[in-house]
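Chain by chain, the residues run as shown.
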2 protein chains.
Amino acid sequence: MPEKTMAIERAKAAADPNKKRPVMLAVAGDSAAGKTTLTAGLVRTLGSDRVTSVCVDDYHRYDREERKALPFTPLHPDCNYIDIMEQHLQLLSTGRSILKPVYDHKTGTFGRPELIEPREFIIIEGLLPLHTELARECFDITVYLDPAEELRREWKIRRDSKKRGYTPEQVIAELEHRESDAAAFIRPQRATADIVVRFAPVEGGPEEGPLSATLLLRPTIPHPDLSKILNDDASEALHLKLARDDDNKPVDALHVHGQADRARSQAVERHIWKSLGVAQDLPESLGVINGDARSEPLAITELILLFHMIQSRIRVRGEEPAAVP
Amino acid sequence: MPEKTMAIERAKAAADPNKKRPVMLAVAGDSAAGKTTLTAGLVRTLGSDRVTSVCVDDYHRYDREERKALPFTPLHPDCNYIDIMEQHLQLLSTGRSILKPVYDHKTGTFGRPELIEPREFIIIEGLLPLHTELARECFDITVYLDPAEELRREWKIRRDSKKRGYTPEQVIAELEHRESDAAAFIRPQRATADIVVRFAPVEGGPEEGPLSATLLLRPTIPHPDLSKILNDDASEALHLKLARDDDNKPVDALHVHGQADRARSQAVERHIWKSLGVAQDLPESLGVINGDARSEPLAITELILLFHMIQSRIRVRGEEPAAVP
């Protein structure tokens, strides 16, 4: 009898310590905003045995052929099973496995579904993970990647022509085609994120030089207290500025300089890392792009997210909170 | 934050009358036991706009190629995502949609998943819907189809060689191959069903003649009171006998004669139908097999299940219970 089902499930979950709910991080953003690179860096640092990472761009309602007859792009919520995505996020957030649909972005068809089992941390990346309230409520930390639009276009053209077999002209046409859905459904998610990360070329710097990053740290979650480390020594690497967000609400804007000296950046990184009470040394895996290049702004972004993931884990597991610096 | 997610979901479900939970019927049994025929009869009678029917034999963990290297048959629970099947049954039983995996039994591979939306009634048929306690608790009514084994073999050989492209020899070999898993995992479900239906040739009757049916009505759900209609007139069509089940527990055994006069059977059918308080006439769709042949025992089996489905619906919707005869 269904009345008893949920009670049994709750009792089972309570009795099974492995069913403790995982920490949920959302990484939202438009196509080629850097979601996969950021996620890969976090997985590398925490270890793939502790992190489940899931891309939620597979909940398409239609395959590529069917979409040709339809007026919207895959960015449109009506083009996706948003309610099933919500359901799967809820299940994962309560420590349960899901059978996730798999959309083959090469062939544009659906493949064999994949069993996703939650680990300590779950990173959900994709185009629309923050689109609905119910989905947002599943997360402990929400991030929106908001690179300068010119930079994102450059990244998308480079990736889609190198790895997905399109010509640059095709990618540019697709960007135009998607623009109105992106404006209507992707970019509004920015307003709901705890952290907004904006990579941009250094002002007045060389075109191919290192990028800077600005992290908006919204007061929706308890951020690390950076005031102690942001002394004169650190200011070459990063500075914190009280600002007003687009909606006029107060926000901390942490600017990480692209051309900072690596030693100075690393001093800041070590400080944040130490504040987590983690025994190990600062991981070498931070800030690595595509296995070779390295970005200090990316490293610091990852570190702030690791701070939140580890703090959330302490909260979730009901242990004593670690000292915040 | 996940703590709030379930509360939101509950509030939404309570506010939305369409989310009232459906009536859940399980039809379990071995391959070719008659599950699809029985389900089709119920859907035809209730109307496909009111019934969602789902086959749960698609939750395979491995495709046909992978299974060749494995020691078990698709009947083995380890060969299936039983926990995901349980989860989907729970979701459906609380009025939520699922994205069901689809296994193509012709090619032995996985296809595009299918959105299943609950209607007033949900019929779940398959090999293992009653295998676990959690799955069983999702149902209002549970049925196990238990045809005489010789009859089931005959049905399976006929169907698989006519419709699935196997030779009779291949089907017989497959039956042998599956026997130990069937004994270990399929047949034990019989003990958990509210109703066990056994079709068998009429004793001493012609080999190709009409079949009789014995329905074990276990006192686990409130069956219709048949005592009033089982008078001398009816006894030619069916009789009820107090019996002991395999486990020695008391049970009502309703025997429906295969060679009963159709007019007499229909008098009984009309009586059960009337007791449901349904305005319409006795549906013509009852007892139809493959669109042409007709079986009175099948009609009466369907009618008893319809009785339970409609009674459960009254309970679920919180309306006044209809008078039970």
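Quick summary incoming for the structure in this document. As the structure is a prediction and not an experimental result, all values here were calculated from the model.

**Considerations on the overall build of chain A**
Each helix and strand in chain A was counted, giving nine helices and 12 strands. Looking at the 325 residues of chain A, the share that counts as buried comes to 52%. Restricting the contact set of chain A to residue pairs at least 6 apart, pairs at least 24 apart contribute 69%. For chain A, the accessible area works out to roughly 15,100 Å², and carbon and sulfur atoms hold 51% of it.

**A look at the pattern of salt bridges**
One pass over the structure, following the stated rule, counts 46 salt bridges over all chains. The salt bridge partner of Arg190(A) is Asp146(A), with a shortest N-O separation of 3.2 Å. Residue Arg190(A) is located in the loop between helix H7 (168–186) and strand E7 (195–201), and its partner Asp146(A) is located in the loop between strand E6 (141–145) and helix H6 (149–163); the two are separated by 44 residues in the primary sequence. Here Arg190(A) and Asp146(A) have matching classes, each one buried. Of the charged contacts in the structure, one is a salt bridge between Arg190(B) and Asp246(B), with a shortest N-O distance of 3.3 Å. Taken together, the positions of Arg190(B) in the loop between helix H7 (168–186) and strand E7 (195–201) and Asp246(B) in the loop between strand E9 (238–244) and strand E10 (250–256) put the pair 56 residues apart, joining distant regions of the chain.

**Observations regarding the packing of helix H6 (residues 149–163) of chain B against H7(B)**
All names here are of chain B. Interhelical geometry of H6 versus H7 gives an angle of 130° and a closest axis separation of 9 Å. When the interaxial angle is binned, H6 and H7 end up oblique. Here the hand of the crossing between H6 and H7 comes out right-handed. Together, Arg152, Arg153, Lys156, Ile157, Asp160 and Ser161 of H6 and Pro168, Val171, Ile172, Leu175, Glu176 and Arg178 of H7 make up the contact between the two elements. Classifying every residue of the contact of H6 with H7 by side-chain character gives five nonpolar, one polar and six charged.

**Re H6(B)**
All names here are of chain B. Compared with an ideal rise of 1.5 Å per residue, which puts 15 residues at 21 Å, H6 spans 21 Å between its outermost C-alpha atoms and is within 8% of the ideal. Taken as a whole, H6 has its buried residues at Leu151, Arg152, Arg153, Lys156 and Asp160. Buried positions along H6 lie against H7, E7 and strand E8 (211–217). A positive backbone phi angle near 75° is found at Gly165, which sits one or two residues after H6.

**Considering the side chain of Arg218(B)**
Residue and element names in this part refer to chain B. Residue placement: Arg218 occurs in the loop between E8 and E9. Residue classification places Arg218 among the buried residues on the basis of a relative accessible area of 8%. Apart from the residues lying within four places of it in its own chain, the contact partners of Arg218 are Arg190, Ala191, Thr192, Ala193, Asp194, Val196, His223, Asp245 and Val251.

**Here we look at helix H4 (residues 82–93) of chain A**
Residue and element names in this part refer to chain A. With 12 residues, H4 ought to run about 16 Å at 1.5 Å a step, and its terminal C-alpha atoms sit 16 Å apart, in line with that. Counting buried positions along H4 yields 11 of 12 residues, so the element is predominantly enclosed. Taken together, the buried positions of H4 are occupied by Ile82, Ile84, Met85, Glu86, Gln87, His88, Leu89, Gln90, Leu91, Leu92 and Ser93. Once H4 ends, the next one or two residues include Gly95, with phi positive near 85°.

The rules behind the values
- Residues numbered from 1 in each chain as written.
- Chains lettered and ligands numbered in written order.
- Predicted model: local features only at pLDDT ≥ 70, side-chain atom pairs only at ≥ 80, totals over all residues.
- Heavy atoms only, no water.
- Helix = DSSP H or I, 4+ residues; strand = E, 2+ residues; numbered from the N terminus.
- Buried < 20%, exposed > 50% of the residue type's maximum accessible area, 1.4 Å probe, protein only.
- Contact = heavy atoms within 4.5 Å.
- Areas by Shrake-Rupley, 256 points an atom, 1.4 Å probe, with all protein chains shown as cover.
- Salt bridge = Lys/Arg side-chain N within 4 Å of Asp/Glu carboxyl O.
- Axes fitted to C-alpha atoms, helices over the stretch in contact; angles between N-to-C directions.
- Parallel < 35°, antiparallel > 145°, perpendicular 65-115°, else oblique.
- Left-handed = near helix turned anticlockwise from the far one by under 90°.
- Nonpolar A, V, L, I, M, F, W, Y, C, P; charged D, E, K, R; others polar.
- Expected span 1.5 Å × (residues − 1).

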